[in-house]
Amino acid sequence: MATTDVMSVCPLLVPQNIDKTIYEGFLTVNGKEYHLRIELPQSKNLKEARILCSWELQHLLRGYNDIVQQRLHHSCNLEAFMVELKNILERLTENTGSTEVAETPRYYSDLIQQIQDIGWDK
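Residues numbered from 1 in each chain as written. Predicted model: local features only at pLDDT ≥ 70, side-chain atom pairs only at ≥ 80, totals over all residues. Heavy atoms only, no water.

What follows covers the packing of helix α3 (residues 65–74) against helix α4 (residues 78–94). As a packed pair, α3 and α4 sit with axes 9 Å apart at the nearest point and diverge in direction by 155°. In this view, α3 runs roughly antiparallel relative to α4, as classed from their interaxial angle. Judged by the twist between their axes, the crossing of α3 over α4 is right-handed. Side by side, α3 and α4 meet where I67, V68, R71 and L72 of the first sit next to F81, E84, L85, I88 and R91 of the second. Its residues assigned to classes, the contact of α3 with α4 comprises 6 nonpolar, no polar and 3 charged. (Axes fitted to C-alpha atoms, helices over the stretch in contact; angles between N-to-C directions. Helix = DSSP H or I, 4+ residues; strand = E, 2+ residues; numbered from the N terminus. Parallel < 35°, antiparallel > 145°, perpendicular 65-115°, else oblique. Left-handed = near helix turned anticlockwise from the far one by under 90°. Contact = heavy atoms within 4.5 Å. Nonpolar A, V, L, I, M, F, W, Y, C, P; charged D, E, K, R; others polar.)

So this is what it looks like as structure tokens:
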């Protein structure tokens, strides 16, 4: 996995060690930067990778952790995963033009269930 490959997708995400198993920096989405750290095992197997990110990015991805994990496990390399992650984030933020994300469908299902439990006529 060449550094230039990852840096071509995320130029602000740079390797932190000579083995290129730790990357840290920023992911830019719709003009906003989010802090991100990716720790790979020596084998560089993405299925065992650890992703650490800012609270803002965690909030943005709330409810989408399974999708991110799926993309991580199915990506052939870090560059491909970063493309997938950027695509997810761009789709999440494109409707509003900002980094505020609408609640997940599960939120609305839970809300309706709570209203039904209380009663619609209250």
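Ranked by size, the top nonpolar core spans 26 residues in total, and within it L78, M82, L85 and L89 carry the most contacts. When contributions to this core are tallied by element, the ones reaching two or more residues are α1 (3–9), β2 (22–29), β3 (32–39), α2 (55–60), α3 and α4. In terms of residue count, α4 provides more of this core than any other element does, 7 residues in total. (Core = buried A, V, L, I, M, F, W, Y, C linked by side-chain atoms within 4.5 Å. Buried < 20%, exposed > 50% of the residue type's maximum accessible area, 1.4 Å probe, protein only.)

This brings us to unusual backbone geometry. Residues other than glycine seldom take positive phi values, yet K20 does so here, at roughly 60°. Within the secondary structure layout, K20 lies in the loop between β1 (13–15) and β2. You can call K20 partly exposed: its relative accessible area is 27%. Non-glycine residue K44 carries a positive phi angle of around 60°. Along the polypeptide, K44 turns up in the loop between β3 and β4 (50–53). On the basis of relative accessible area, K44 is assigned to the partly exposed category, the value being 27%.

Another point: the sheet that holds β4. In space, the 4 strands of this open sheet follow the order β1-β2-β3-β4, with antiparallel pairing throughout. Two strands close off the open sheet at either side, each with one partner strand: β1 and β4. If you compare each strand with its neighbour and ignore which way they point, the axes differ by 20° on average. With 4 bridges joining them, β3 and β4 adopt antiparallel strand pairing. Counted as the bridge partner of E39 is R50 from β4. (Pairing = 2+ DSSP bridges.)

In the structure shown here, the tally under the stated rule is 5 salt bridges. One salt bridge connects K32 with E56, and the closest N-O pair in it is separated by 3.2 Å. Taken together, the positions of K32 in strand β3 and E56 in helix α2 put the pair 24 residues apart, joining distant regions of the chain. Classification of K32 by relative accessible area gives partly exposed; the value is 29%. With a shortest N-O distance of 3.0 Å, E84 and R71 are connected by a salt bridge. Of the two residues, E84 is situated in helix α4 and R71 in helix α3; the sequence distance between them amounts to 13 residues. (Salt bridge = Lys/Arg side-chain N within 4 Å of Asp/Glu carboxyl O.)

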